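So you can see what is in the structure, the chains are spelled out below.
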Amino acid sequence: MPATGQAELLKVRQGKCDSLRQSGADPYPYKYAPDHKATALHEKYKDLENGTETTDQVCVAGRIMAMRNNGMFLDLQDSSGKIQLFCHKDSTPAGELAKLDYLDIGDIIGGEGTIRRTPRGELSIRAVKIQMLSKSMRPLPEKYHGLSDIEARYRQRYVDLIMNEESRNTLRTRSRIIALIRNYMNDMGALEVETPILNSIMGGASAKPFVTHHNALDTDFYLRVSPELYLKRLIVGGLADDVYEIGRLFRNEGISPKHNPEFTAIEGYHVYKDYHDMMDLVENLVQTIVLDIHGSLKIPYGDYEIDYSSPWKRQSMLSLVEEESKIDFMTLKTADEARTAARDLGIFVDPKASWGQVVETVFDALVEPKLIQPTHVMDHPLDISPLAKVHRENPRLVERFETFINCWEIANAFSELNDPAVQRERFNAQVAARNAGDEEAQMLDEDYVVALEYGLPPTGGWGMGIDRLVMLVTNSSNIRDVICFPTLKPKKNPDQ
RNA sequence: GACCGCUUAGCUCAGCCGGUAGAGCAACUGACUUUUAAUCAGUAGGCCGUGGGUUCAAAUCCCACAGCGGUCACCA
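Along each chain, numbering runs from 1 in the same order as the chain's sequence is written. Here chains are named by letter from A upward and ligands by number from 1 upward, in the order in which they appear as written. Given that this is a predicted model, residues contribute local features only at a pLDDT of at least 70 and side-chain atom pairs are listed and counted only at 80 or more, while totals for whole chains, interfaces and linings are drawn from all residues. Hydrogens and water molecules were not included; the side-chain quantities draw on all heavy atoms of the structure.

Caption draft 1: The arrangement of the overall build of chain A in detail. In terms of helices and strands, chain A carries 14 helices and 18 strands. Relative to a compact globule of 496 residues, whose C-alpha radius of gyration would be 23 Å, chain A shows 29 Å and is clearly more extended. Overall size of chain A, expressed as C-alpha extent along the three principal axes, is 90 × 55 × 50 Å. A simple rule labels every residue: compare its accessible area, found with a 1.4 Å probe on the protein chains alone, to the largest value its type can have, and call it buried under 20%, exposed over 50%, or partly exposed in between. Buried residues in chain A amount to 48% of all 496 residues. The contact criterion used throughout is that any non-hydrogen atoms of two residues lie within 4.5 Å. Across chain A, the fraction of contacts at a sequence separation of at least 24, relative to all contacts at a separation of at least 6, is 67%. Summing over all exposed atoms, chain A offers an accessible surface of approximately 24,500 Å²; the carbon and sulfur share of this is 51%. The secondary structure listing takes helices from DSSP runs of H or I that are at least 4 residues long and strands from runs of E that are at least 2 residues long, numbered from the N terminus. What the globule rule says is 2.2 Å times the number of residues to the power 0.38, and the radius of gyration is computed from C-alpha atoms. Only the protein chains shown count as cover for residues, and all accessible areas are computed by the Shrake-Rupley method using a 1.4 Å probe.

Below, the structure written as structure tokens:
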């Protein structure tokens, strides 16, 4: 079998690895004790003049990203940044210089020496000792263009992360955003909880589920599409006045730049609060995050500048629809009238669509594409919101809002429906829709109704998609950029 | 799910009016030795995504399939 180009490259590195072993060194030693990170050194010596030598001894470790002048200059990359290692025959012992023969770009090495700044201004370590910490067997992508193949970046995220600082920064910012959310919630005294991911009844959202099977119980389970019904059970139980959960949700739907089958959301529930309070909460939380990450409430996304300053626009869905369509759907009493009005606007609606579904369809078509700046869209039709409490002033509506930024829904919240009899009716309507072929209609959760019968206090609840928020804050155009390992179709012949 | 596009060396890309497969980086051999995408000389490295078809001849034209991307549909 003829060796491919890649096989030859691997063979060369294997040869160096073997030689290193024969020289008595371990290509994969157990530990190392660097005392400085690259960026800390740049900070500490930022005032060191060009051409200055010091006697300050430091020890660093990192991956070799570049070798210049036959290894005289090694660029080491650690988790903080890069630092140059300088190996010169005048100052580096011959035995150490000999080790350069075993090195390749991509190897992880440790280096000790003294700090200096070259005459041309590069902070460097004049090496007196170098040590292999992990021999790399595969060539890294080209130093200048890096790894740009989109598929390779997601399939081999580790290579993407080695090569692309932007990818590292985005995922680090994601982590920081989640920490900020957690801090915010904990600071208000909310209790973080965990509820089942394996659900025997799908509930809390309209979505198509993943199904899995438990062998010992011989039972199918749905991967949760929302933790909502469990979290409200905890409120019923009085576990805490404020509970929240940050976790993965799973929806068996299409994949797009804004949709990953598994995504991360937060949901929170707060006793004795209503949806107006939730609007304040969402607005304040998002501002806290944007301000922490950017130091400003006006930040760019794509071609726009998004202004997160208060107050965010708060307007009812019906009046937004009326502004764009010139139709006051509130005056249309039946689904039939609504469907006709939508068709007159040139908007396709399902012939079985209810009044509320028509309003929602018209909203999606005419209003949503215009909601660039943060907007709380309020007071949705009742029949598309089976878990929300009826509006205190209008029986056709519920007390619900969705927050839109950059035309994306990033939050959804309501005054929670806590009348058990009404909840049962709403569930029954969903079941009827489901039986009529609506795959995304919700299922009857009898136990949840029982929980309501024990008494759910007046409660405000909200949920927010964290991935999309991270996209907004990191100016990422694809949800995959903010997920470490986005869902990809497996390759039939995985070759690397 | 529908439509459009992409797939060539480890990486980034040329080549696509059909006529023996190219460059830069990485690698290897050597030179040089305070570089910054180091430089210079040389060497090696390819099932041109997979499978069919047209043709004397296919990386190139046609069809199917796969993966990926974009747009739309569904959704957060």
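That covers the picture; the talk isn't over yet.
Caption draft 2: View of the packing of aromatic side chains. Only centres within 6.5 Å qualify two rings of Phe, Tyr or Trp (six-membered ring in Trp) as a pair; their planes then separate them into stacked at under 30 degrees, edge-to-face at over 60, and tilted for everything else. Inspection of every chain in the model, using the stated rule, returns five aromatic pairs. A ring pair is formed by Phe 427 and Tyr 448, whose centres lie 6.2 Å apart and whose planes are at 80 degrees; its orientation type is edge-to-face. Of this pair, Phe 427 sits in helix 12 (residues 420-435) while Tyr 448 is found in helix 13 (residues 446-455), placing the two residues 21 residues apart along the sequence. Only lysine NZ and arginine CZ atoms are considered, and such an atom sits over a ring when it is within 6 Å of the ring centre and within 35 degrees of the ring normal. Directly above the ring of Phe 86 sits Arg 116, whose terminal nitrogen or CZ lies 4.4 Å from the centroid.

Caption draft 3: Up close: the protein's contact with RNA strand B. The cutoff for a nearby residue is simple: one of its non-hydrogen atoms must lie within 4 Å of the molecule or strand. If you check the shell around RNA strand B, you find 51 residues, and the closest are Asn 70, Arg 120, His 259, Arg 468 and Arg 480. Close to the protein, within 4 Å, the atoms of RNA strand B belong to sugar or phosphate groups at a rate of 60%. Contacts to RNA strand B include Gln 84, whose side-chain N or O atom sits 2.9 Å from a base oxygen. Under this definition, polar contacts are N or O atom pairs within 3.5 Å; protein pairs additionally need one hydrogen-donor-capable and one acceptor-capable atom, and for neighbouring residues in sequence, both atoms have to be side-chain atoms. At 2.8 Å from a phosphate oxygen of RNA strand B is found a main-chain nitrogen or oxygen belonging to Asp 149. Those elements that place two or more of their residues in the surface near RNA strand B are helix 1 (5-22), strand 3 (82-86) and helix 4 (150-155).

Caption draft 4: Representation of the nonpolar core within the structure. The term nonpolar core refers to a set of buried residues drawn from Ala, Val, Leu, Ile, Met, Phe, Trp, Tyr and Cys, joined through side-chain atoms within 4.5 Å. Ranked by internal contacts, the top residues of the largest apolar core, which has 44 residues, are Ile 181, Ile 266, Val 286, Tyr 308, Ile 410, Trp 462 and Met 464. The set of elements that each furnish at least two residues to this core consists of helix 6 (165-187), strand 10 (242-250), helix 8 (275-294), strand 12 (298-301), strand 16 (400-405), strand 17 (408-415), strand 18 (459-465) and helix 14 (466-474). Counting residues per element, this core draws most heavily on helix 8, at nine residues. For Ile 266, the contacting residues outside a window of four places in its chain are Ile 181, Met 185, Tyr 244, Glu 245, Ile 246, Trp 462, Gly 463, Met 464 and Ile 466. One finds Leu 318, Phe 363, Leu 371 and Phe 404 within the second-largest nonpolar core, a separate group that totals 24 residues.

Caption draft 5: Structural context of the confidence of the model for chain A. Residue-level confidence of the predictor is what pLDDT reports, using numbers from 0 through 100. Residues with a pLDDT of 70 or more make up 98% of chain A, whose mean pLDDT is 93. Here the predicted complex scores 0.94 on pTM and 0.92 on ipTM.

Caption draft 6: The arrangement of unusual backbone geometry in detail. Here the amide bond leading from Ser 310 into Pro 311 is cis, since omega sits at -5 degrees, within 30 degrees of zero. Positive phi, close to 45 degrees, is recorded for Asp 218, a residue that is not glycine. Tracing the chain through its elements places Asp 218 in the loop between strand 8 (211-214) and strand 9 (219-223). We classify Asp 218 as exposed; its relative accessible area is 59%. Even without a glycine there, the phi angle at Tyr 272 is positive, about 65 degrees. Locating Tyr 272 in the fold gives a position in the loop between strand 11 (262-271) and helix 8.

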